[in-house]
Amino acid sequence: PNIRKVSELPYHLLRSGDIEKFSSFLTLNSISAVVMGGCLTDIQTTLLQGLQLAIDVGNNLAVSNIHYWRKFLSRHGKVFVKHPTAVLQQAVNEPEKSELRLKALDLIETQQLSYLNWVNKPSTEDFCTNTLTGHTAWVSSCDVGGGVIISASLDGLIRLWDEKTGTEIATLLSAGTEAFRKTANVTCCAISRDGKTAISDLDGKSMSVWDIDSALQTKSFSQHKTKVCCCALSRDAKLAASGDMTENQTSGNVHVWSVSDVTIKWTIELSSFAHTITFSPNSPHVLIGCST
């Protein structure tokens, strides 16, 4: 019964709107209790909703913490479905010097618990070849095409980078004035395969089409009535898709529209909301990842 109550607590904290309390609840002990309570799917959904709330209120520390636990549960979700008591063990299996592994070992020592030591675990390597710095808030989306990397951030900016050198090429303002940009969140972006055209959300409910060579906005798509949360470009960059969500995050629409004249080709109504979209490279299909 106590585990069940702990399992339901994240949902109630989120409903209260207190994102700091929700974020502080997310610890190794609490996540382990929630998973053992049989609420893996529930906590994954709640974390996604909490992430959106943290983004909306601009709490970057909460964004980082929630994203951290989302990645952990995503990596080990298949294990936890069959073995819900394995959260602590999987935390120990994280890379040697990772913060989560060190916390798990400290918890094991404090509570005098047993665990399996992975003696032949592959040695950790740093596969990072470059780090691109410049954004002043959480990076919400990125893409690459034609040797150009595009990144969108909660700082209200979209930055372009040279893929080979990591050098910043240009900065795209997501809004026309500095005052607006300080409160703007760019949640999604995509770039064409040739690196010539990009799209991004503009002010929460609109989409921008950008010319990469001039770093200028060329068109605006304003058919969304609620917050845009994801977008994609087709392989030939002739079509774009963008998904929105209602304020209560229970439903949303995906608009597929022409990049050349920003007219809607068709609209897909969802009983949940889309948090990721992509075009199939070899067919006219749009793949949508939904919240449920």
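Only a predicted model underlies this, so the values are computations on that prediction, with no experimental measurement involved.

1. Remarks on the sheet that holds strand β10 (residues 239–245)
With respect to topology, four strands assemble into an open sheet ordered β9-β10-β11-β12, the strand pairing being antiparallel. The open sheet has two edge strands, β9 (227–233) and β12 (264–270), and neither has a second partner. Ignoring strand direction, the axes of neighbouring strands in this sheet form an average angle of 20°.

2. Details of the packing of aromatic side chains
Tallied over the entire structure, the rule returns four aromatic pairs. Note on Tyr68 and Trp69: the rings are 5.5 Å apart at their centroids and 90° apart in plane angle, and the pair reads as edge-to-face. The partly exposed category is assigned to Tyr68, whose relative accessible area is 30%. On the basis of relative accessibility, which here comes to 2%, the residue Trp69 falls in the buried class. With centroids separated by 5.8 Å and ring planes inclined at 50°, the aromatic side chains of Phe72 and Phe80 adopt a geometry described as tilted. Neither residue differs from the other here; Phe72 and Phe80 are each classed as buried. Grouping aromatic residues by their ring pairs yields a cluster made of Tyr68, Trp69, Phe72 and Phe80.

3. Brief notes about the packing of helix α3 (residues 28–36) against helix α5 (residues 60–82)
Taken N-terminus to C-terminus, the directions of α3 and α5 make an angle of 35°; their axes are 13 Å apart at the nearest point. For the element pair α3 and α5, the recorded crossing hand is right-handed. Along the contact surface, α3 presents Leu28, Ile31 and Val35, while α5 presents Trp69, Leu73 and Phe80. Looking at side-chain class alone, the contact of α3 with α5 contains six nonpolar, no polar and no charged residues.

4. Re the side chain of Ser192
Summarising the element assignment, Ser192 is placed in the loop between β5 (189–191) and β6 (197–201). Residue classification places Ser192 among the buried positions, given a relative accessible area of 2%. Here the side chain of Ser192 touches Asp194 through a polar contact of 2.6 Å, side chain to side chain.

5. Focus: the side chain of Thr46
Relative to the helices and strands, Thr46 resides in helix α4 (residues 40–57). Under the relative-accessibility criterion, Thr46 is labelled buried at 7%. Look past the residues within four positions of Thr46 in its chain and what remains in contact with it is Pro10, Tyr11, Leu14 and Phe22.

6. Some words on the pairing of strand β8 (residues 216–221)
Across five bridges, strand β7 (residues 207–211) lies against β8 in antiparallel orientation. Paired with Asp211 across the two strands is Leu216, which belongs to β8. The loop that links β7 with its antiparallel partner β8 comprises four residues; one of these, Ala215, has a positive phi angle of about 60°.

How each quantity is defined
- Here the residue numbering is sequential within each chain, running from 1 through the sequence in written order.
- In view of the model being predicted, local features appear only for residues whose pLDDT reaches at least 70, and side-chain atom pairs are presented and counted only at 80 or more, with totals across whole chains, interfaces and linings using the full set of residues.
- In computing side-chain values, all of the structure's heavy atoms are included and hydrogens and water are not.
- Any two strands are treated as partners once DSSP identifies two or more bridges connecting them.
- Runs of H or I in DSSP of at least four residues are treated as helices and runs of E of at least two as strands, each being numbered from the N terminus.
- Here an axis means a line fitted to C-alpha atoms, over the contact stretch when the element is a helix, while the angle between two N-to-C directions is reported on a 0 to 180 degree scale.
- Any pair of Phe, Tyr and Trp rings, taking the six-membered ring for Trp, is counted once the centres come within 6.5 Å. Such a pair is stacked with planes under 30 degrees apart, edge-to-face with planes over 60 apart, and tilted for the rest.
- The classification of residues rests on relative accessible area computed with a 1.4 Å probe and restricted to protein chains. Under 20% of the type maximum is buried, over 50% is exposed, and intermediate values are partly exposed.
- Note on convention: the crossing is left-handed when the near helix lies turned anticlockwise from the far helix by less than a right angle, right-handed when the turn is clockwise.
- We call two residues in contact whenever any of their non-hydrogen atoms come within 4.5 Å of each other.
- The residue classification treats Ala, Val, Leu, Ile, Met, Phe, Trp, Tyr, Cys and Pro as nonpolar and Asp, Glu, Lys and Arg as charged. All others, Gly included, are polar.
- Whenever a nitrogen or oxygen atom comes within 3.5 Å of another N or O atom, the pair is scored as a polar contact, on the condition that within protein one atom can donate a hydrogen and the other can accept it, and that pairs from neighbouring residues in sequence are kept only if both atoms are in side chains.

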